[in-house]
Amino acid sequence: GDSVTQMEGPVTLSEEAFLTINCTYTATGYPSLFWYVQYPGEGLQLLLKATKADDKGSNKGFEATYRKETTSFHLEKGSVQVSDSAVYFCALSDGQAGTALIFGKGTTLSVSS
Amino acid sequence: SQTIHQWPATLVQPVGSPLSLECTVEGTSNPNLYWYRQAAGRGLQLLFYSVGIGQISSEVPQNLSASRPQDRQFILSSKKLLLSDSGFYLCAWSLGQGTDTQYFGPGTRLTVL
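Residues numbered from 1 in each chain as written. Chains lettered and ligands numbered in written order. Predicted model: local features only at pLDDT ≥ 70, side-chain atom pairs only at ≥ 80, totals over all residues. Heavy atoms only, no water.

### Things to note about the overall build of chain A
Along chain A, the regular secondary structure elements total 0 helices and 12 strands. Secondary structure elements of chain A occur, N-terminal to C-terminal, as β-β-β-β-β-β-β-β-β-β-β-β. Taking 2.2 N^0.38 as the reference for a compact globule, 113 residues should give roughly 13 Å; the C-alpha atoms of chain A span a radius of gyration of 14 Å, in line with that estimate. When the backbone C-alpha atoms are referred to their principal axes, chain A occupies close to 45 × 30 × 20 Å. Counting all 113 residues of chain A, 44% fall into the buried class. At a minimum sequence separation of 6, the contacts of chain A that also span at least 24 residues come to 56%. Just so you have it, chain A exposes about 5,400 Å², and 47% of that area is on carbon and sulfur atoms. Taken as two groups, the 8 positive and 12 negative side-chain charges of chain A have centres that lie 5 Å from each other. (Helix = DSSP H or I, 4+ residues; strand = E, 2+ residues; numbered from the N terminus. Rg over C-alpha atoms; globule rule 2.2 N^0.38 Å. Buried < 20%, exposed > 50% of the residue type's maximum accessible area, 1.4 Å probe, protein only. Contact = heavy atoms within 4.5 Å. Areas by Shrake-Rupley, 256 points an atom, 1.4 Å probe, with all protein chains shown as cover. Lys, Arg positive; Asp, Glu negative; His and termini not counted. Charge placed at Lys NZ, Arg CZ, Asp CG, Glu CD.)

Next comes the structure, spelled out in structure tokens:
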């Protein structure tokens, strides 16, 4: 079945460092790909998405490119801030409304000043 | 704009007691609704989803049930809680057609003692 694999955390960075969180997927067909962020004690917020190969999703300085050839959707940010500290989840959907998102296990990011 | 509410925010219940968690969505009609559970150190697991009033699909056999008595209301229940039911419960919604993006509520932290 479909699955998502994220890099193990925690990821610890200093403020203004470059961030990469790796995400690869296994899926039949052409899934949509998502990054969600969860701040402590809160629900998940959609960070960005991409629906087809070579699409780049971006939001709040974060970017991820849908790479079909490598089945990857790595999250990047050029300069992290302390406020970016959170858990980041990569997820995929088979593109049909009303079906489940398949999530990775999440990567904890901790940014220090 | 659409908003999603969950209550209660936190709940501590003894083993064997009943459970009722509520989720409501505002600002949209005929949404798809979802219940996920997030256990400590693990990703999100889909428990139930609903594409309409009275229509419930269960993804995982368990001690829980779901109901959708109104278009924008989704309830998660149990007759007798188990220790293993502890976790963070998230409700989500998506539009009925044309998009698979899901939007999450703030969550309910359930501790079963």
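And the narrative resumes.
### Section: the sheet that holds strand β8 (residues 73-78) of chain B
Residues and elements named next belong to chain B. Taken in spatial order, the 4 strands make up an open sheet running β1-β3-β8-β7, and their pairing is antiparallel. At either end of the open sheet lies a strand with only one pairing partner, and these are β1 (3-7) and β7 (65-70). Strand after strand, the sheet turns through a mean of 20° between neighbouring axes, direction not considered. (Pairing = 2+ DSSP bridges. Axes fitted to C-alpha atoms, helices over the stretch in contact; angles between N-to-C directions.)

### Some remarks on the interface of chain B and chain A
In this assembly, 25 residues from chain B lie in contact with 22 residues from chain A. Counting every contact that joins chain B to chain A gives 0 salt bridges. Here chain B and chain A share 5 residue pairs in polar contact (both at pLDDT 80 or more) between them. Of all the secondary structure elements, the ones that give two or more residues to the side of chain B that touches chain A are β4 (32-38), β5 (44-52), β9 (87-94) and β10 (103-104) of chain B. (Salt bridge = Lys/Arg side-chain N within 4 Å of Asp/Glu carboxyl O. Polar contact = N/O pair within 3.5 Å; in protein donor to acceptor, adjacent residues only side chain to side chain.)

### Considerations on the sheet that holds strand β9 (residues 75-77) of chain A
All names here are of chain A. What the 4 strands build is an open sheet, ordered β3-β9-β8-β7; its pairing is antiparallel. Looking at which strands have only one partner, the edges of the open sheet turn out to be β3 (19-21) and β7 (56-59). Ignoring which end each strand starts from, the neighbouring axes of this sheet average 15° apart. Two elements, β7 and strand β8 (residues 62-65), share 4 bridges in a ladder whose sense is antiparallel. Counterpart to Asn 59 in the pairing with β8 is Phe 62.

### A few points about the environment of Leu 19 of chain B
Residue and element names in this part refer to chain B. Examined against the element boundaries, Leu 19 turns out to sit in strand β3 (residues 19-26). Remark: the alpha-carbon pair of Leu 19 and Gln 6, spanning 13 residues in sequence, is separated by 14 Å. In this view, Leu 19 contacts Leu 11, Leu 64, Leu 76, Ser 77, Ser 78, Leu 81 and Leu 110; residues no more than four positions away in its chain are not counted.

### Let's talk about the pattern of salt bridges
All names here are of chain A. Taken as a whole and assessed by the stated rule, the structure comprises 5 salt bridges over all chains. Here Asp 84 and Lys 77 are joined by a salt bridge, their closest N and O atoms 2.7 Å apart. A residue is classified by how much of its surface remains accessible, and Lys 77, at 10% relative accessible area, is buried.

### Points about the state of the cysteines
All told, the structure shown has 2 disulfides over all chains when counted by the stated rule. Between the sulfur of Cys 23 of chain A and that of Cys 90 of chain A lies a disulfide, 2.0 Å long from S to S. Disulfide Cys 23 of chain A-Cys 90 of chain A: torsion about the S-S bond near -70°, hence left-handed. Placement of Cys 23 of chain A in strand β4 (residues 23-26) and of Cys 90 of chain A in strand β10 (residues 86-93) is noted, with a sequence separation of 67 residues between them. Residue classification places Cys 90 of chain A among the buried residues on the basis of a relative accessible area of 1%. Disulfide partner of Cys 23 of chain B: Cys 91 of chain B, at an S-S distance of 2.0 Å. Between Cys 23 of chain B and Cys 91 of chain B the sulfur-sulfur dihedral comes to about -75°; the bridge is accordingly left-handed. You can see Cys 23 of chain B sitting in strand β3 and its partner Cys 91 of chain B sitting in strand β9, a full 68 residues away along the chain. As far as the burial class goes, Cys 23 of chain B and Cys 91 of chain B line up, both buried. (Disulfide = S-S within 2.5 Å.)

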